[in-house]
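Spelled out from the first residue to the last, the chains are:
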Amino acid sequence: MATKHEQILQYITSLSVGEKISVRQIAKEINVSEGTAYRAIKEAENKGYVSTIERVGTIRIETKKKENFEKLTFAEVVNIVDGQVLGGRTGLHKTLNKFVIGAMKLEAMMRYTGAGNLLIVGNRTNAHQYALEAGAAVLITGGFDTEDHVKKLADELELPVISTSYDTFTVGTMINRAIYDQLIKKEIVQVEDILTPVDKTICLYTSDNIATWYQHNYETGHGRFPVIDQNMKVQGIVTSKDIMGYDHETIIEKVMTKSPITVIGKTSVASAAQMMVWEGIEVLPVVDQQNRLQGMISRQDVLKALQMIQRQPQIGEKIDDIVTNQFVTIEDDSKRSSVFRCEVSPQMTNHLGTISYGVFTTLVTEAVNRYLRAQKKGDIIVENITIYFIKPVQMETMLEIHPKILEVGRKFGKIDIEAYSDGAVVGKAMMMVQLIER
């Protein structure tokens, strides 16, 4: 039987898009406490079923597909620009396909404005009306209001008219930034993208005996299985090492490893890889907020995904990309090592105009990562980095980074790094890394 929490989530997903909900209404409808209703609404928000907008309330929105990530809903625009909805609230769940800045004559503006657009404009009532008639929503900058007949039209057409106190340039920048951030999020592969779903995961129950383990082991060739109770909650994990020396009739609960490390679906694959390397584990159960099993991921799944990520074209640039995209690799055959060269751009500097400590750390880490990858040592997880000498490096100076392997094994590496500018040493660091084997 579904729990109260699950019943609320089912109720929310059954609502039509654009419908409003509240904690009090759900508590009354499903006969639960307001605390339970609030927790379920928060989870629905995390899953993208609803969106909460200030001065509007919580509304059911279209669940966005992963590949449609860069499209914003009008509800999200309201949040981004701290806006106030003047009309057309029922259309807040709709997505916009582009935004148009109305800084031109009315006829020219309308040539660019079409259905699904968002027109960003000041207090020009005619433009507000024409945009709505063309099927576009309106964002009024400068904190201005609009006339009542425009608000009425917005309600009829279910197209939002939003007012914000920011100016047009700031609003355009804020929306661009939000789309950009979503493009970066789109690239980050999460555990839920690669897991083996629960219906294809072989589990043992706490009440099963060791004979059941042998049966599953014979059928699948696997030796590690999650252990769950009658409510699908993960209680442990059992491996061939756990059952050694025990009788076939022994109950799994007595031999399993209790309270195993688990991850949720929204965990990034990189974090899962780090856990697996750190703890030396081969499989991770994936659970929901209530610790119920959602599926499993193995070390092989994670490594395959990490290799796939590296081959993806980068769309939204991250700070690391901005810092390292001008790296030039120079092979030094005489010393059988690589040198990484890069110019210190204005973005890399601190308030004094010299290279920032954080940027220097990023450059050192990326140089070591590239160097070890070229040596076929695989990817790295930094365990410890010590920068024990650094001098100010001016902007527009050429920096050379020389990584040198001091010691490397199958799982660990110790690397010494020296940074030069105009032939003089400007930085020294020591790095301990764990290697993720290919």
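Computed from a prediction, not measured in an experiment: that's the story for all the values here.

*Asks:* Which parts of the structure should I look at to understand the domain arrangement of the protein chain?
*Replies:* One frequently used descriptor of interface size is the decrease in accessible area upon assembly of the parts. The domain boundaries assigned to the protein chain delineate domain 1 (4-60), domain 2 (74-187), domain 3 (191-308) and domain 4 (319-436). Placing a centre on the C-alpha atoms of domain 1 and another on those of domain 2 gives a separation of 27 Å. Listed per partner, the contact involves nine residues of domain 1 and eleven residues of domain 2. Approximately 740 Å² of surface area, both sides summed, lies buried where domain 1 meets domain 2, with 61% of it carried by carbon and sulfur atoms. There are zero salt bridges connecting domain 1 and domain 2. On the surface where domain 1 and domain 2 come into contact, there are zero residue pairs in polar contact (both at pLDDT 80 or more). Of all the secondary structure elements, the ones that give two or more residues to the side of domain 1 that touches domain 2 are strand E2 (50-53) and strand E3 (57-60).

*Asks:* Teacher, can you tell me more about the side chain of arginine 60 here?
*Replies:* Mapped onto the elements, arginine 60 comes out in strand E3. One buried charged side chain, arginine 60, makes no salt bridge at all; its nearest oppositely charged neighbour is glutamate 19, positioned 8.2 Å away. Within polar-contact distance, the side chain of arginine 60 engages the backbone oxygen of tyrosine 49 at 3.0 Å.

*Asks:* How do you make sense of the nonpolar core when you look at a structure like this?
*Replies:* Proteins that are soluble and globular tend to have nonpolar side chains buried together. Within the largest apolar cluster, 28 residues are counted, with the highest numbers of intra-cluster contacts made by Leu363, Leu399, Ile401 and Ile417. The set of elements that each furnish at least two residues to this core consists of strand E20 (337-343), helix H16 (357-374), strand E21 (379-390), strand E22 (398-408), strand E23 (412-421) and strand E24 (424-436). Ranked by residue count, the leading element in this core is H16, at eight residues.

*Asks:* Sorry if this is basic, but what is going on with the pattern of salt bridges here?
*Replies:* Opposite charge on two side chains makes pairing possible when the charged atoms of those side chains draw close. Per the stated rule, a full pass over the model turns up ten salt bridges. The salt bridge partner of arginine 24 is glutamate 34, with a shortest N-O separation of 3.8 Å. With arginine 24 in helix H2 (residues 23-30) and glutamate 34 in helix H3 (residues 34-46), this residue pair connects regions lying ten residues apart in the sequence. According to the relative accessible area criterion, glutamate 34 is partly exposed, its value standing at 42%. Notably, a salt bridge pairs arginine 341 with glutamate 400, separated by 2.5 Å at the nearest N-O pair. Residue arginine 341 is located in strand E20, and its partner glutamate 400 is located in strand E22; the two are separated by 59 residues in the primary sequence. Because the salt bridges share partners, they merge into one network encompassing Glu6, Asp288 and Arg292.

*Asks:* Please clarify how the sheet that holds strand E15 (residues 257-258) should be interpreted in this entry.
*Replies:* Two orientations exist for strands paired in a sheet by backbone hydrogen bonds: parallel and antiparallel. Reading across from one edge, E12-E13-E14-E15 is the order of the four strands in this open sheet, with mixed pairing throughout. At either end of the open sheet lies a strand with only one pairing partner, and these are strand E12 (204-205) and E15. The strands touched by helix H10 (residues 210-220) within the sheet are E12, strand E13 (225-228) and strand E14 (234-238), with E13 carrying the most contacts at an inclination of about 145°.

*Asks:* Would you mind going over helix H1 (residues 4-14) with me for this structure?
*Replies:* Since the α-helix turns once every 3.6 residues, residues separated by three or four places project in the same direction. What H1 keeps buried is the set His5, Ile8, Leu9, Tyr11 and Ile12. For H1, the angular spread of the buried residues around the axis is 160°, confining them to a single face.

*Asks:* Hey, could you run me through the environment of glutamine 347 in this one?
*Replies:* Mapped onto the elements, glutamine 347 comes out in the loop between E20 and H16. For the pair glutamine 347 and histidine 248, spaced 99 residues apart in sequence, the C-alpha separation works out to 65 Å. A polar contact is formed between the side chain of glutamine 347 and the side chain of serine 345, at a distance of 3.1 Å.

*Asks:* Teacher, can you tell me more about the UniProt feature "domain: CBS" (unreviewed entry) in the protein chain here?
*Replies:* Per the UniProt entry, the sites bearing "domain: CBS" (unreviewed entry) are residues 195-254 and 256-314 in this numbering. Taken as a whole, residues 195-254 contains 30% helix and 22% strand, while its terminal C-alpha atoms sit 28 Å from one another.

*Asks:* I would appreciate a short explanation of the sheet that holds strand E18 (residues 293-298) in the present structure.
*Replies:* If you trace the four strands from one edge of the open sheet to the other, you get E11-E18-E17-E16, paired in mixed fashion. Each edge of the open sheet is held by one strand with a lone partner, namely strand E11 (196-197) and strand E16 (263-264). One ladder, built from five bridges, connects strand E17 (residues 283-287) with E18; its direction is antiparallel. Within the sheet, the bridge partner assigned to valine 286 lies in E18 and is glycine 295.

*Asks:* What is the right way to look at the pairing of E13 in this model?
*Replies:* Consecutive side chains of a regular strand alternate in pointing toward one face of the sheet and then the other. Taking every second residue as pointing to the same face, both faces of E13 are buried, with Phe225 and Val227 on one and Pro226 and Ile228 on the other. Where E12 and E13 come together, two bridges link them in parallel fashion. Counted as the bridge partner of leucine 204 is valine 227 from E13.

Conventions used here
Residues numbered from 1 in each chain as written. Predicted model: local features only at pLDDT ≥ 70, side-chain atom pairs only at ≥ 80, totals over all residues. Heavy atoms only, no water. Domains from an automatic or database assignment. Contact = heavy atoms within 4.5 Å. Buried area = accessible area lost by both parts, 1.4 Å probe. Salt bridge = Lys/Arg side-chain N within 4 Å of Asp/Glu carboxyl O. Polar contact = N/O pair within 3.5 Å; in protein donor to acceptor, adjacent residues only side chain to side chain. Helix = DSSP H or I, 4+ residues; strand = E, 2+ residues; numbered from the N terminus. Buried < 20%, exposed > 50% of the residue type's maximum accessible area, 1.4 Å probe, protein only. Lys, Arg positive; Asp, Glu negative; His and termini not counted. Core = buried A, V, L, I, M, F, W, Y, C linked by side-chain atoms within 4.5 Å. Pairing = 2+ DSSP bridges. Axes fitted to C-alpha atoms, helices over the stretch in contact; angles between N-to-C directions. Arc of directions from axis to C-beta. UniProt positions renumbered as here; feature names shortened; annotations may be inferred.

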